[in-house]
Amino acid sequence: MGWLKKDPLQIVAFNTYGTTKHLYLKGRALEDEDIDLEKKGWFSLLVNSWKRFETDEIRNTPLKVFLPNNTVVLGATDAEGYYLFDEAQPNLNTLTDTEGWLSYKVSYTLNLGHRKIQLNNLFLGKMLIPKTDSSFGVISDIDDTILHTGVVSPLKWRVVINTFFKTPHKRKALEGSAAFYHLLHLGNSKTEANPIFYVSNSPWNLYRYLDVFLKMNHFPKGPILLRDFRTPFDRTPKTELAHKYHEIYNILDTYPDLKFILIGDCGEKDAYIYLDVVKQFPNRIACIYLRSVEHSKRMKRISKVFKDYKEVPVLIVDNSKDAIAHAKTHGFIS
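Residues numbered from 1 in each chain as written. Predicted model: local features only at pLDDT ≥ 70, side-chain atom pairs only at ≥ 80, totals over all residues. Heavy atoms only, no water.

> How do you make sense of the pairing of strand β10 (residues 196–203) when you look at a structure like this?
Note on strand geometry: in a regular strand, side chains alternate between the two faces of the sheet. Among the eight residues in β10, seven count as buried, and that is most of the element. Bridge count for β10 against strand β11 (residues 224–227) is three bridges, and the pairing is parallel. Directly across from Val199, in β11, lies its bridge partner Leu225. (Buried < 20%, exposed > 50% of the residue type's maximum accessible area, 1.4 Å probe, protein only. Helix = DSSP H or I, 4+ residues; strand = E, 2+ residues; numbered from the N terminus. Pairing = 2+ DSSP bridges.)

> Would you mind going over helix α3 (residues 177–186) with me for this structure?
An α-helix turns once every 3.6 residues. As a result, residues three or four positions apart point the same way. Among all positions in α3, only Ser177, Ala178, Phe180, Tyr181, Leu184 and His185 are buried. Down the axis of α3, the sector holding all buried residues measures 160°, keeping them to one side. The secondary structure elements touched by the buried residues of α3 are β9 (137–140), β10, β12 (260–265), β13 (285–291) and α8 (320–329). Trailing α3 by a residue or two, Gly187 shows a phi angle of about 70°, which is positive. (Arc of directions from axis to C-beta. Contact = heavy atoms within 4.5 Å.)

> Where do I start with the packing of aromatic side chains in this structure?
Two aromatic rings are characterised by how far apart their centres lie and by the angle between their planes. Tallying each qualifying case throughout the model produces 18 aromatic pairs. Arranged with centres 4.7 Å apart and planes meeting at 45°, the rings of Phe14 and Tyr207 form a pair that is tilted. You can see Phe14 sitting in the loop between β1 (9–13) and β2 (16–17) and its partner Tyr207 sitting in helix α4 (residues 207–216), a full 193 residues away along the chain. The buried category is assigned to Phe14, whose relative accessible area is 2%. Each ring, one from Tyr17 and one from Tyr255, has its centre 6.0 Å from the other, and the planes form 50°; the classification is tilted. Separated by 238 residues along the polypeptide, Tyr17 in strand β2 and Tyr255 in the loop between α5 (237–254) and β12 bring together distant segments of the chain. Each member of the pair Tyr17 and Tyr255 is classed as buried. (Phe/Tyr/Trp six-rings, centres within 6.5 Å; stacked < 30°, edge-to-face > 60°.)

> Would you explain the sheet that holds strand β14 (residues 314–317) in this entry?
Pairing within the open sheet is parallel, and its six strands lie in the order β11-β10-β9-β12-β13-β14. Strands at the two margins of the open sheet, each flanked by one partner only, are β11 and β14. Strand-to-strand twist across the sheet, computed as the mean angle between neighbouring axes with direction ignored, equals 20°. Across four bridges, β13 lies against β14 in parallel orientation. Each bridged residue has a counterpart across the sheet, and for Leu290 the counterpart in β14 is Ile316. Contacts between α4 and the sheet are confined to β10 and β11, with β11 contributing the most and set at about 150° to the helix. (Axes fitted to C-alpha atoms, helices over the stretch in contact; angles between N-to-C directions.)

> Got a minute to help me understand the pattern of salt bridges in this structure?
Oppositely charged side chains may form a pair once their charged atoms are brought near each other. Within the structure shown, the criterion is met by six salt bridges. A salt bridge links Glu31 to Arg115, with the shortest nitrogen-to-oxygen separation between them at 3.1 Å. In this pair, Glu31 sits in strand β3 (residues 22–31) while Arg115 sits in the loop between β7 (101–108) and β8 (123–128), placing the two residues 84 residues apart along the sequence. A single salt-bridge network, built from bridges that share partners, covers Arg28, Glu57 and Arg59. (Salt bridge = Lys/Arg side-chain N within 4 Å of Asp/Glu carboxyl O.)

> Would you explain unusual backbone geometry in this entry?
Of all residues except glycine, most have a negative phi; of all peptide bonds, most are trans. The backbone of Asn120 sits at a positive phi, close to 55°, despite the residue not being glycine. Not every positive phi belongs to a glycine, and Asn121 is a case in point at roughly 60°. Mapped onto the elements, Asn121 comes out in the loop between β7 and β8. Using a relative accessible area of 17% as the deciding quantity, one classes Asn121 as buried.

> I would appreciate a short explanation of the sheet that holds strand β4 (residues 62–66) in the present structure.
Sheet strands pair by backbone hydrogen bonding; their relative direction is either parallel or antiparallel. Taken in spatial order, the five strands of this open sheet run β2-β8-β7-β4-β5, and their pairing is mixed. With partners counted over all chains shown, the strands left at the sheet margins are β2 and β5 (72–76), one partner each. Here β4 pairs with β5 via five bridges, running antiparallel. By the bridge assignment for β5, Phe66 is matched with Val72.

Structure representation (structure tokens):
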């Protein structure tokens, strides 16, 4: 009867961001499907991909969060297993490390039918509070901006192959991108901790996959902001656009005294979204970097859009060396 055995429980805590006075914690309670991100072979990779999207959520279940100052916050998961702690809490900056990260622990409150719970029912999460001496923040896309994905390939076939048939350890980062992001993180003084926010249209089901990719390729740690999963038959692109607009606007609203550098690619809608952001938040965007893509028509279209653009500095990036040189010229890095 081993096939009736239930999987142990876990909580996946997402890297989030907040302020010195506001707690914002998000994650998801799930059954542990024992996904091995290092497994090779097409069948194992396909099974792992299936497990990522065929999730068994722990719905409407009480949770509690433990902050470093022994404060306990109570909450619960929703109908899809997500938890969200969004409330005022004073003096949170006193609980952060030198980079501005607040570490917390989250656990199930109830005894869930004697189910096994991983990690002794204490799961680590982190929330970023940018340092007050940050010179700027960075909001970056992921797909084809720092991670070879293939969103401009016909019928997005490269996206399917890269996502479902490659482990995060085998995925390639765009050459020099991690070094560029570290320079931005350290800033002109080389001693700063400028925050990096990763915003992607990928679903939350790929959170751990992308988190491993960022760690394996030595990108600066930052909040990873994804969206709810849609089926392949859902053809409503406005959902994706709304997600990016919402996340970018929310970051800018959360930190009104901080300027931002926007980094994306020329393949999808990043250029047009970023132009709207500049209009919506005048004097808040320090620069725009857009990675070139292997699609001549799109490259011509984007080049034309920015040909006479003067609102903020814009660079269409062919390689990271050019981006680093440009950032040095504008005083973002040294």
